[in-house]
Amino acid sequence: MVIPNTSNPEYDRTSELKAFVDTKAGVKGLVDAGITEVPRMFHQPSDKIQKASVSGDTQFSIPVIDLEGVKKDPITRKETVDKVGNASKKWGFFQVINHGIPVSVLEEMKDGIRRFYEQDLEVKKQYYTRDYTKPVVYNSNFDLYTGLAVNWRDTFFSLMAPNPPKMEDLPAVCRDIMMEYSKQVQNLGNLLLELLSEALGLKPDHLKDMDCSRGLAIMLCYAITIPRVHSQNWLWEQVNMQTMTLSRCFYKIILVASKYFMKISGSMYLLLLGL
């Protein structure tokens, strides 16, 4: 793998990006190649880095909402609806526990991601594309050519609803769990939409009837740990991370380290502000 010398004062970003894309190996390919310097395209411009100081006395916690019994007990459901409404209005973000998705499904989904990214490069290359109309899209950054800096990650993207890809179009190493995981998350999404509808004083199916649950996209990110390497201005060390984001019309369900978070955005948030 050949990446242009980034210490050259006549740095050509376009050439470096093209060389990176042509490998179809992503950031994992850079690490596997034994890089000793982080390529310049990953450098965040120093004038864009914001250094925020947080007081040691500042404490806050993201709302955690327990979904246990929400389908069976009317009193529990009413209490949960109130919590969802308050968290959405004040934070626009909350974590859910006892969501009903088996731990075995979560672990197999994470293992499936790892199997995809760690399989033979020649197998992965068949999915490498920047054409987002494809059933499966594997690359590094969607804004590779427009962002100020490239993010240190590889990304796998697929639209799973309303028109899911054919099984044979999905990678063999994770196709079964992708289908099962998507079904489980859609069920969770439908429940959360019911709770949000009720928090807005509407019928439980109101947001679903607006097709808010019609679409489902899955984005699987892989940020491999890199060695502690010297760059011109800093040392960069990152940690392993697998993140699954399932996007819909007005919200996102995000899985990070086996924990689910819900982010409210767009017109949904404006409605909640009126509660």
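Residues numbered from 1 in each chain as written. Predicted model: local features only at pLDDT ≥ 70, side-chain atom pairs only at ≥ 80, totals over all residues. Heavy atoms only, no water.

### As for helix α4 (residues 103-118)
No. 1: Compared with the 22 Å implied by 1.5 Å per residue over 16 residues, the 22 Å span of α4 between its first and last C-alpha is a close match.
No. 2: Among all positions of α4, only Val105, Leu106, Met109, Lys110, Gly112, Ile113, Phe116 and Tyr117 are buried. On an axial view of α4, the arc spanned by its buried residues comes to 155°, and they lie on one face. Along α4, exposed side chains directed more than 90 degrees from the buried face belong to Val103 and Ser104. (Helix = DSSP H or I, 4+ residues; strand = E, 2+ residues; numbered from the N terminus. Expected span 1.5 Å × (residues − 1). Buried < 20%, exposed > 50% of the residue type's maximum accessible area, 1.4 Å probe, protein only. Arc of directions from axis to C-beta.)

### Here's the deal with the confidence of the model for the protein chain
No. 1: Mean pLDDT over the protein chain works out to 80, with 74% of the residues at or above the 70 mark.
No. 2: By mean pLDDT, the top-scoring element of the protein chain is helix α5 (residues 121-124) (96), and the lowest-scoring one is strand β7 (residues 235-236) (34).
No. 3: Low confidence marks residues 230-251, where pLDDT is under 50. Its contacts with residues over four positions away, or in another chain, come to 92 contacts. (pLDDT = per-residue confidence, 0-100. Contact = heavy atoms within 4.5 Å.)

### Describing the packing of helix α3 (residues 74-90) against helix α6 (residues 175-199)
No. 1: Interaxial distance between α3 and α6 falls to 8 Å at its minimum, and their mutual angle equals 80°. Taken together, the axis directions place α3 and α6 in an arrangement best described as roughly perpendicular. On the side of α3, the interface is formed by Arg77, Thr80, Val81, Val84, Gly85 and Ser88, while α6 contributes Leu191, Glu194, Leu195, Leu196, Glu198 and Ala199.
No. 2: For the contact of α3 with α6, the residue count by class is six nonpolar, three polar and three charged. (Axes fitted to C-alpha atoms, helices over the stretch in contact; angles between N-to-C directions. Parallel < 35°, antiparallel > 145°, perpendicular 65-115°, else oblique. Nonpolar A, V, L, I, M, F, W, Y, C, P; charged D, E, K, R; others polar.)

### Things to note about the packing of aromatic side chains
No. 1: Taken as a whole, this structure holds 10 aromatic pairs when the rule is applied.
No. 2: Here Tyr117 and Tyr138 contribute two aromatic rings whose centre-to-centre distance is 6.2 Å and whose plane-to-plane angle is 65°, an arrangement assigned as edge-to-face. Here the residue Tyr117 occupies a position in helix α4, and Tyr138 occupies one in strand β3 (residues 137-139), the gap between them amounting to 21 residues.
No. 3: Accessibility expressed as a relative area gives 0% for Tyr138, which makes it buried.
No. 4: Plain terms: the ring middles of Tyr117 and Tyr222 are 4.9 Å apart, the flat faces sit at 25° to each other, and that makes the pair stacked. With Tyr117 in helix α4 and Tyr222 in strand β5 (residues 216-223), this pair connects stretches of sequence that are 105 residues apart. (Phe/Tyr/Trp six-rings, centres within 6.5 Å; stacked < 30°, edge-to-face > 60°.)

### Section: unusual backbone geometry
The phi torsion of most residues other than glycine is negative, and most of the peptide bonds are trans.
No. 1: Of note, the amide linkage connecting Ala161 to Pro162 takes the cis form, showing an omega dihedral of 5°.
No. 2: As for its position among the elements, Pro162 is in the loop between β4 (154-161) and α6.
No. 3: Although it is not a glycine, Lys24 adopts a positive phi angle of roughly 55°.
No. 4: Structurally, Lys24 is set in the loop between α1 (13-23) and α2 (26-32).
No. 5: On the basis of relative accessibility, which here comes to 32%, the residue Lys24 falls in the partly exposed class.

### A few points about the packing of α4 against α6
No. 1: Running from N to C, α4 and α6 point in directions that differ by 135°, and their axes come no closer than 10 Å. As far as their axial angle goes, α6 and α4 are oblique. Both α4 and α6 take part in a crossing whose hand is left-handed. Residues Val105, Leu106, Glu108 and Met109 of α4 form the contact with α6, whose participating residues are Ile177, Met178, Glu180, Tyr181 and Gln184. (Left-handed = near helix turned anticlockwise from the far one by under 90°.)

### Topic: the pattern of salt bridges
No. 1: Tallied over the entire structure, the rule returns 12 salt bridges.
No. 2: The salt bridge partner of Lys28 is Asp32, with a shortest N-O separation of 2.9 Å. Here Lys28 pairs with Asp32, and both are found in helix α2, just four residues apart, close to one helical turn.
No. 3: Owing to a relative accessible area of 54%, Asp32 belongs among the exposed residues under this scheme.
No. 4: Its salt-bridge partner being Lys183, residue Glu180 comes within 3.3 Å of it at the nearest N-O pair. Highlighted residues: Glu180 and Lys183, both in helix α6, separated by three residues, approximately one helical turn.
No. 5: Residue Glu180 is classed as partly exposed on the basis of its relative accessible area, which comes to 26%. (Salt bridge = Lys/Arg side-chain N within 4 Å of Asp/Glu carboxyl O.)

### Remarks on the environment of Val84
No. 1: Secondary-structure assignment places Val84 in helix α3.
No. 2: For the pair formed by Val84 and Phe94, sequence separation is 10 residues and the distance between their alpha carbons is 8.1 Å.
No. 3: Each residue touching Val84, except ones within four places of it in the same chain, is listed here: Ile65, Phe94, Leu195 and Leu196.

### A short note on the nonpolar core
No. 1: With 55 residues, the main nonpolar core has Phe42, Leu67, Met109, Trp152, Met178 and Leu195 as its most contacted residues.
No. 2: At the level of secondary structure, the elements contributing two or more residues to this core comprise α1, α2, α3, β2 (93-97), α4, β4, α6 and β5.
No. 3: Residue contributions to this core peak at 11 residues, all from α6.
No. 4: The contacts of Leu67, once residues within four sequence positions are left out, are Thr80, Val96, Ile97, Asn98, His99, Leu188, Leu191, Leu192 and Leu195. (Core = buried A, V, L, I, M, F, W, Y, C linked by side-chain atoms within 4.5 Å.)

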